Amino acid sequence: MNDILTSLFTRKSVRAYRDTKLEPAVRDLIIESALQAPAAGNQILYTILEIDDKTIKEQLAAYCDNQPFIAKAPLVLVFLADCRKWLDCYRYAGAACREPGFGDAFLAVTDAAIAAQNSVVAAESLGIGSCFIGDILENKEQIVKLLELDKFVFPAAMVVYGYPTDQQKERKKPRRFSKEYVVQKNRYHRRNEEELRSMFENLYITDEKKSFDFDSYLQAFCKRKYMADFSLEMTRSVAAYMENFKKN
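How would you sum up the packing of helix H3 (residues 54-63) against helix H7 (residues 140-147)? Please name residues and give values.
At a minimum axis distance of 11 Å, the contact between H3 and H7 shows a crossing angle of 170°. It follows from the interaxial angle that H3 and H7 lie roughly antiparallel. Contacts between H3 and H7 pair Ile56, Gln59, Leu60 and Tyr63 from the former with Gln142, Ile143, Leu146 and Leu147 from the latter. Along the lines of polarity and charge, the residues of the contact of H3 with H7 split into 6 nonpolar, 2 polar and no charged.

With reference to specific residues and values, describe unusual backbone geometry.
Phi is positive for asparagine 66, close to 55°, though the residue is something other than glycine. By the secondary structure assignment, asparagine 66 is in the loop between H3 and helix H4 (68-72). Of note in this structure, asparagine 186 is not a glycine but carries a positive phi near 65°. The topology assignment puts asparagine 186 in the loop between helix H8 (166-170) and helix H9 (193-204).

Describe the layout of surface pockets, listing the residues and the values that go with them.
Taken as a whole, the largest pocket holds about 760 Å³ of empty space. Forming the walls of the largest pocket are 23 residues, and the residues nearest its centre are Arg15, Pro174, Phe221, Arg224 and Lys225. Among the elements of the structure, strand E3 (129-132), H9 and helix H10 (214-226) are those that each provide at least two residues to the lining of the largest pocket. In terms of residues, the lining of the largest pocket owes the most to one element, H10, which gives 5 residues. Taken together, the residues of the lining of the largest pocket break down into 12 nonpolar, 4 polar and 7 charged.

Can you break down the environment of aspartate 52 residue by residue, with the values?
Of note, aspartate 52 is situated in the loop between strand E1 (46-50) and H3. Measuring from C-alpha to C-alpha, the distance between aspartate 52 and phenylalanine 221 comes to 34 Å, with 169 residues separating the pair along the chain.

For the packing of aromatic side chains, give the residues involved together with the corresponding values.
This structure, assessed with the given rule, holds 13 aromatic pairs. Seen in terms of ring centroids, phenylalanine 177 and phenylalanine 200 are 5.1 Å apart; in terms of plane orientation they differ by 75°. Their pairing is edge-to-face. With phenylalanine 177 in the loop between H8 and H9 and phenylalanine 200 in helix H9, this pair connects stretches of sequence that are 23 residues apart. For phenylalanine 177, a relative accessible area of 33% translates into the label partly exposed. Ring geometry for tyrosine 217 against phenylalanine 221: centres 5.9 Å apart, planes inclined by 20°, an arrangement best described as stacked. Pair noted here: tyrosine 217 and phenylalanine 221 are both in helix H10, with a separation of 4 residues, about one helical turn. Residue classification places tyrosine 217 among the partly exposed residues on the basis of a relative accessible area of 27%.

I'd like a description of the nonpolar core, backed by residues and values.
Of all hydrophobic cores here, the largest spans 54 residues; its most connected members are Phe79, Met158, Val160 and Tyr161. Every element with two or more residues in this core is listed here: helix H2 (24-35), H3, H4, strand E2 (75-82), helix H6 (102-125), H7, strand E4 (153-162) and helix H11 (229-242). By residue number, the principal contributor to this core is E4, which donates 8 residues. When near neighbours in sequence (up to four residues on either side) are disregarded, methionine 158 contacts Leu60, Cys64, Ile70, Val76, Leu77, Val78, Cys131, Phe132, Ile133 and Ile136. Tyr181, Met199, Phe200 and Phe212 belong to the second largest nonpolar core, which has 5 residues in total.

With reference to specific residues and values, describe a nonpolar patch on the surface.
Judged by side-chain polarity, Met1, Ile4, Leu5, Leu8 and Phe9 come together as a nonpolar surface patch covering roughly 550 Å² of accessible area. One can find methionine 1 in the segment before helix H1 (3-10).

Explain the side chain of arginine 11 residue by residue, including any values.
If you trace the backbone, arginine 11 turns up in the loop between H1 and H2. Lacking a salt bridge, the buried arginine 11 has glutamate 124 as its closest oppositely charged neighbour, with an N-O distance of 4.5 Å.

Please provide a residue-by-residue account of the pattern of salt bridges, values included.
Summed over all chains, the structure comprises 13 salt bridges. Between aspartate 28 and arginine 27 there is a salt bridge, with its nearest N and O atoms 3.2 Å apart. Among the residues examined, aspartate 28 registers a relative accessible area of 38% and is labelled partly exposed. As a salt-bridge pair, arginine 197 and aspartate 215 come within 2.8 Å of each other at their nearest N and O atoms. Residue arginine 197 is located in helix H9, and its partner aspartate 215 is located in helix H10; the two are separated by 18 residues in the primary sequence. One salt-bridge network, in which partners are shared between bridges, spans Arg27, Asp28 and Glu50.

Criteria and cut-off values
- Residues numbered from 1 in each chain as written.
- Predicted model: local features only at pLDDT ≥ 70, side-chain atom pairs only at ≥ 80, totals over all residues.
- Heavy atoms only, no water.
- Axes fitted to C-alpha atoms, helices over the stretch in contact; angles between N-to-C directions.
- Helix = DSSP H or I, 4+ residues; strand = E, 2+ residues; numbered from the N terminus.
- Parallel < 35°, antiparallel > 145°, perpendicular 65-115°, else oblique.
- Contact = heavy atoms within 4.5 Å.
- Nonpolar A, V, L, I, M, F, W, Y, C, P; charged D, E, K, R; others polar.
- 1 Å grid on protein atoms, 1.4 Å probe; cavity = no way out; pocket = protein on both sides within 12 Å on 5 of 7 lines; lining within 4 Å.
- Points joined across faces, edges and corners; volume = space filled by probe spheres on them.
- Phe/Tyr/Trp six-rings, centres within 6.5 Å; stacked < 30°, edge-to-face > 60°.
- Buried < 20%, exposed > 50% of the residue type's maximum accessible area, 1.4 Å probe, protein only.
- Core = buried A, V, L, I, M, F, W, Y, C linked by side-chain atoms within 4.5 Å.
- Patch = residues over 30% accessible without salt bridge, like charges linked within 9 Å, V, L, I, M, F, W, Y side chains within 5 Å.
- Areas by Shrake-Rupley, 256 points an atom, 1.4 Å probe, with all protein chains shown as cover.
- Salt bridge = Lys/Arg side-chain N within 4 Å of Asp/Glu carboxyl O.
- Lys, Arg positive; Asp, Glu negative; His and termini not counted.

Written out as structure tokens, the structure is:
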């Protein structure tokens, strides 16, 4: 295990930060690290919004499932899938081109997500905690108005950063599913019920915890996450964003 691998294995989401600002040089390193991420054709199909306006941060916190720690984070970056920049460049150059479609949108999301992960790894190496905010995908109409987004630009990820509190440092990282349940060879196969039950038991049954109630856990998780209002709203909002790419 080298330093990078150790960082990847120990890094966890941090949602509480010390009241310490990030030095400008540190902030710039995090952003520059994002820009070093792999990108399709080196196009950099994303735009990074650094949110330092207090009012905008507070509104983002409200729109993202009312999570106050977002507004308190010293650094907030929104990674936008940006299909507008290259479209404008093509038109300025007089190139014959089409408007962006689903493929372009998904490629831009991939670029933005990889850049966001690069920033998270860089932050961790500097002793700075971070947390991905999936709720940025909710409330499409309000987010578009707040961030003044173009029809071919939409949020792919939001990450907040800050120096973790002692409690956050000491908190254990959640265990992950074993690779035998995640990695497959050559072709995808659908897991049967026995395999899926085993996947959860392998994760949650430990020396300290001798049993796991699959049915109760999944029923509660489904209600709390998959069928929750925020999840349904996220699905609606993403579909609304994709309407701009539908006929192209």
